[in-house]
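Overview (structure and organization)
Spelled out from the first residue to the last, the chains are:
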Amino acid sequence: MANSITLADKFLPMVDEIYKEQSVTECLDTTSQPDVSGADEVQILKISTTGLGDYSRETGYPVGDVTASWETLQLTEERGKEFSIDRMDDEEMLGIAFGTLTGSFVREQVVPELDAYRFAKYASTEGISAVSEDLTAETVLEAIDEATRQMDEDEVPQTGRILFVSSELKPLLNSALTRTWTSEGNVNTVLTTYNDMVVKYVPKGRFYSKTTINDGSSEWGYTKAEDAKDINFMIVYPPSVVQVKKVMIPKIFTPDQNQEKDAWKFQFRLYHDAFVLENKKKGVYLHTVA
């Protein structure tokens, strides 16, 4: 029997809403997703030109070269999960068990893995700017300033950069800046912007230079890779990366439609990947612990 389209349509907005509320990397999504229909590859157009030459009053303009090529990015991450809740269990829990399960699963399992995978993918890309150093309250701002200096030198546009900071460094940042207190009744010491960059704090468990994506045979979800480092902070210029979600959708079967059990069945499939563009690698700056 076919799955319940009505229920699936109801749950899909919830999944998308939780992703947007809970994901740290959601801000790096482009407004227009690359076309991946009918393929497991993404094609990104790369164009490069030569510089200026001397104009001649006799022969006119110097002729330059234009190089256009397609960068092929292949999606590799196909993830999924299935749950079921007995009809009576759901009924005895006032009909909220199934909805609570799906929301908790997306919030506690799907979103953290998405963030962790993306950060690790960017961090492990060859050619990005990378530094390893332990930070203190006396050195954390200096390190961030050096990162912005390097990106300025590499001519990465300043507008739109996002500073992702490990939640472990939040107390250091709070104590590193001197603030002038006013007579306001509410006090907030959390740094939200720094030198025109939006600051986003990343839970430590999502901020590794490498991750191991478990296949579910013995372990689920993701874990920190053995040779991974904790990330202190990462500055990303959003147009430098591409985040693709070809499929992120739940399928819901009612107990009457479920042919295996008298139970609600929830199936979730996520087909995605993330990439740093070849000609924009300097748009990612990585700072890890020593």
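This text goes with the structure placed above it.
Cut-offs applied
Residues numbered from 1 in each chain as written. Predicted model: local features only at pLDDT ≥ 70, side-chain atom pairs only at ≥ 80, totals over all residues. Heavy atoms only, no water. 1 Å grid on protein atoms, 1.4 Å probe; cavity = no way out; pocket = protein on both sides within 12 Å on 5 of 7 lines; lining within 4 Å. Points joined across faces, edges and corners; volume = space filled by probe spheres on them. Helix = DSSP H or I, 4+ residues; strand = E, 2+ residues; numbered from the N terminus. Nonpolar A, V, L, I, M, F, W, Y, C, P; charged D, E, K, R; others polar. Pairing = 2+ DSSP bridges. Contact = heavy atoms within 4.5 Å. Axes fitted to C-alpha atoms, helices over the stretch in contact; angles between N-to-C directions. Phe/Tyr/Trp six-rings, centres within 6.5 Å; stacked < 30°, edge-to-face > 60°. Buried < 20%, exposed > 50% of the residue type's maximum accessible area, 1.4 Å probe, protein only. Lys NZ or Arg CZ within 6 Å of the ring centre and 35° of its normal.

Observations concerning the layout of surface pockets
- Taken as a whole, the largest pocket encloses approximately 380 Å³ of empty space.
- Lining the largest pocket we find 19 residues, and of these Arg-79, Gly-80, Phe-105, Glu-113 and Gly-221 sit closest to its centre.
- Secondary structure elements with two or more residues in the lining of the largest pocket: strand E3 (77-86), helix H3 (97-123) and strand E12 (263-276).
- It is H3 that provides the largest number of residues to the lining of the largest pocket, a total of six residues.
- In the lining of the largest pocket, the residues fall into eight nonpolar, five polar and six charged.

Structural notes on the sheet that holds strand E5 (residues 162-166)
- On the basis of which strands lie adjacent, the open sheet formed by six strands has the order E4-E13-E10-E5-E7-E6 and mixed pairing. Every interior strand has two partners, whereas the edge strands, strand E4 (129-132) and strand E6 (193-194), have only one.
- Looking at chain direction, strand E10 (residues 231-236) and strand E13 (residues 284-288) are connected through five bridges and run antiparallel. The residue bridging Phe-233 from the neighbouring strand is His-287, located in E13.
- Most of the contacts of helix H4 (residues 140-153) go to E10, to which it runs at about 30°, and overall it touches E4, E5, E6, strand E7 (197-202), E10 and E13.

With respect to the sheet that holds E12
- Read from one edge to the other, the open sheet built from three strands follows the order E3-E12-E11, with strand pairing classed as antiparallel. Among the strands making up the open sheet, the edge pair consists of E3 and strand E11 (241-253). Adjacent strand axes in the sheet meet at a mean angle of 10°, parallel and antiparallel pairs treated alike.
- Sheet topology places E3 next to E12; ten bridges connect them, and they run antiparallel. Bridge pairing links Glu-78 to Tyr-271 in E12.

Things to note about the pairing of E7
- Pairing geometry for E5 and E7, over five bridges, is parallel. Looking at the pairing, Ile-162 lines up with Val-198 of E7.
- Taken together, the two bridges between E6 and E7 define a ladder with antiparallel strand orientation. Pairing of Thr-193 across the sheet is with Val-198, part of E7.
- In this antiparallel pair of consecutive strands, E6 and E7, the connection spans two residues, and Asn-195 shows a positive phi of 50°.

Quick notes on the packing of aromatic side chains
- A full pass over the atoms with the stated rule returns eight aromatic pairs.
- Consider the rings of Phe-83 and Phe-105, whose centres lie 5.1 Å apart with planes at 75°: the pair is edge-to-face. Remark: Phe-105 occurs in helix H3 and Phe-83 occurs in strand E3; sequence separation between them is 22 residues.
- Here Phe-105 falls in the buried class, since its relative accessible area comes to 11%.
- Ring plane angle 80° and centroid distance 6.1 Å describe the contact between Phe-105 and Phe-266, whose orientation is recorded as edge-to-face. You can see Phe-105 sitting in helix H3 and its partner Phe-266 sitting in strand E12, a full 161 residues away along the chain.
- Ring-pair connections join several aromatic residues into one group, and the members of that group are Phe-83, Phe-105, Phe-266 and Phe-268.
- One Lys or Arg, Lys-170, reaches over the ring of Tyr-201 and ends 4.6 Å from the middle of that ring.
- In this structure, Lys-265 packs its charged tip against the face of Phe-253, placed 5.3 Å from the ring centre.

Here we look at unusual backbone geometry
- Despite not being glycine, Asn-195 shows a phi value in the positive range, around 50°.
- Along the chain, Asn-195 falls in the loop between E6 and E7.
- Backbone geometry places Asp-196, a non-glycine residue, at a positive phi of 70°.
- Along the chain, the position of Asp-196 falls in the loop between E6 and E7.
- Residue classification places Asp-196 among the exposed positions, given a relative accessible area of 75%.

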